[in-house]
Amino acid sequence: MTSNVPEAAKRFKDDLPSEAGDRPVKIGTHDGIFHCDEVLACFMLQQLPRYASAEIIRTRDTAKLDECDIVVDVGAAFDRERHRYDHHQRTFDETLRKLRPELGVKWDIRLSSAGLVYTYFGEEVIGEILKRQTGKEPTSECLAAVYKKVYDGLISEIDAIDNGVPMFEGGEPRYNISTHLSARVGAFNSRWDEPSPAPGCLERFEKAKAYVGAEFTEKVTFYATCWWPARDIVAKALASRVALHESGEIMELENFCPWKEHLYQLEQEQNLEGKLKYVVYCNKQDDWRVICVPVQPSSFVCRKFMAKPWCGVRDEQLVEVSGIAGANFCHQTGFIAGNRTREGALQMAVASLAAPED
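Not measured: the values here are computed from a predicted model.

1. Re unusual backbone geometry
With glycine set apart, most residues show a phi of negative sign, and most peptide bonds adopt trans. The phi torsion at His83 lies on the positive side, around 55°, for a residue other than glycine. The backbone of Asn271 shows a phi angle near 55°, a positive value even though the residue is not glycine. Structurally, Asn271 can be placed in the loop between helix H11 (260-269) and strand S9 (278-284). Taking the relative accessible area as the measure of exposure, Asn271 reaches 71% and is therefore exposed.

2. Describing the side chain of Asn163
Looking at the element boundaries, Asn163 is found in helix H6 (residues 140-163). There is a polar contact of 2.6 Å between the side chain of Asn163 and the side chain of Arg110. Aside from chain neighbours lying at most four places away, what touches Asn163 is His87, Arg110, Leu111 and Ser112.

3. Some words on the domain arrangement of the chain
Along its sequence, the chain is organised into domain 1 (26-165 + 181-189 + 199-226) and domain 2 (245-354). Between the C-alpha centres of domain 1 and domain 2 the distance comes to 40 Å.

4. A look at the pairing of strand S11 (residues 327-330)
Here S11 runs beside strand S12 (residues 336-339); their pairing, made up of 3 bridges, is antiparallel. The residue of S12 that forms the bridge with Ala327 is Asn339.

5. Comments concerning the packing of helix H2 (residues 36-45) against helix H5 (residues 113-134)
In contact at an axis separation of 9 Å, H2 and H5 are set at 20° when each is read in the N-to-C sense. With respect to H5, the element H2 is oriented roughly parallel. Like other packed secondary-structure pairs, H2 and H5 cross with a definite hand, here left-handed. Between H2 and H5, the residues in contact are Asp37, Glu38, Leu40, Ala41, Met44 and Leu45 and Ser113, Ala114, Val117, Tyr118, Phe121 and Val125, respectively. Classifying every residue of the contact of H2 with H5 by side-chain character gives 9 nonpolar, 1 polar and 2 charged.

6. Some words on the environment of Asp61
With respect to the helices and strands, the residue Asp61 is situated in the loop between strand S2 (55-58) and helix H3 (62-66). Of the residues examined, Asp61 reaches a relative accessible area of 34% and is grouped as partly exposed. In the structure, Asp61 is positioned 13 residues away from Val74 in sequence and 10.0 Å away in space, judged by C-alpha atoms. A polar side-chain atom of Asp61 sits 2.9 Å from the main-chain amide nitrogen of Ala63.

Reading the values: the criteria
Residues numbered from 1 in each chain as written. Predicted model: local features only at pLDDT ≥ 70, side-chain atom pairs only at ≥ 80, totals over all residues. Heavy atoms only, no water. Helix = DSSP H or I, 4+ residues; strand = E, 2+ residues; numbered from the N terminus. Buried < 20%, exposed > 50% of the residue type's maximum accessible area, 1.4 Å probe, protein only. Polar contact = N/O pair within 3.5 Å; in protein donor to acceptor, adjacent residues only side chain to side chain. Contact = heavy atoms within 4.5 Å. Domains from an automatic or database assignment. Pairing = 2+ DSSP bridges. Axes fitted to C-alpha atoms, helices over the stretch in contact; angles between N-to-C directions. Parallel < 35°, antiparallel > 145°, perpendicular 65-115°, else oblique. Left-handed = near helix turned anticlockwise from the far one by under 90°. Nonpolar A, V, L, I, M, F, W, Y, C, P; charged D, E, K, R; others polar.

The structure is reproduced here in structure tokens:
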């Protein structure tokens, strides 16, 4: 079977440690209190055939770490050739944008051990997970999109929290805390009033790794099997927007799906940035919606809101105010409205497009 790992990632994938012969392969990390970054780093490594049965050695003993095939989050060294992936040394300032400039990552967020492992092994890890979960390899386009999506939606958060990176640069967030996974992993450590675990004990670490792994796997699978396929639906809607309305500023989704990020990317690719104002879709039978396109995916500030006189008005009163049959609600802020029919929803979008801003 031909690999779909992008060429830029293959140079990392193929550069694995030499065979260890009959001795067990070892992953080294520090002992004591564990954190989300090394727990996830170990999980990701063990998804790869080379490390699937690797023994995890938790220690700060340099001699023992020297015996490990790969070391994460300890050792005061980042050395790709020797597979040493620590980020605590003063001289370390690597980010995904610096190490993988071809990805076009916007922000420089200092990598943690999870980010370092993801940088070099992420595509292969995702590919292995998806082969197990779906029974087939992802396409190269899907793999590249999921890789960036998992970085933006999970890895960057873990990197930033572990390194104490300020969330905002100016008024724009560098990353978002959407999972709180770092805090949840912390709860797997022994409490202050509990006996310290015996040296080398992995019981709590393994529980945390299974917990983190389940969430990582769920995100990868969701993005590949649910989020990514929605792109085709959005692309089709964007392509037929002028047939829907001559302005080209309204589009209709044949099925409701995660559309915002796909729309922004497709607009950028087609030099249509800021063009779309409204999205029409069927919520359920006899329930159609018009949603305004926000200026950013998580924002309620829209490129153009629904007609202002409609905001907060419902049912018969809204029909009277708008002059559109079937209109049944408009949110108080004007970012979404509803109609009982497709034709009515489209009329609401067209009328709002023509309505004055004030």
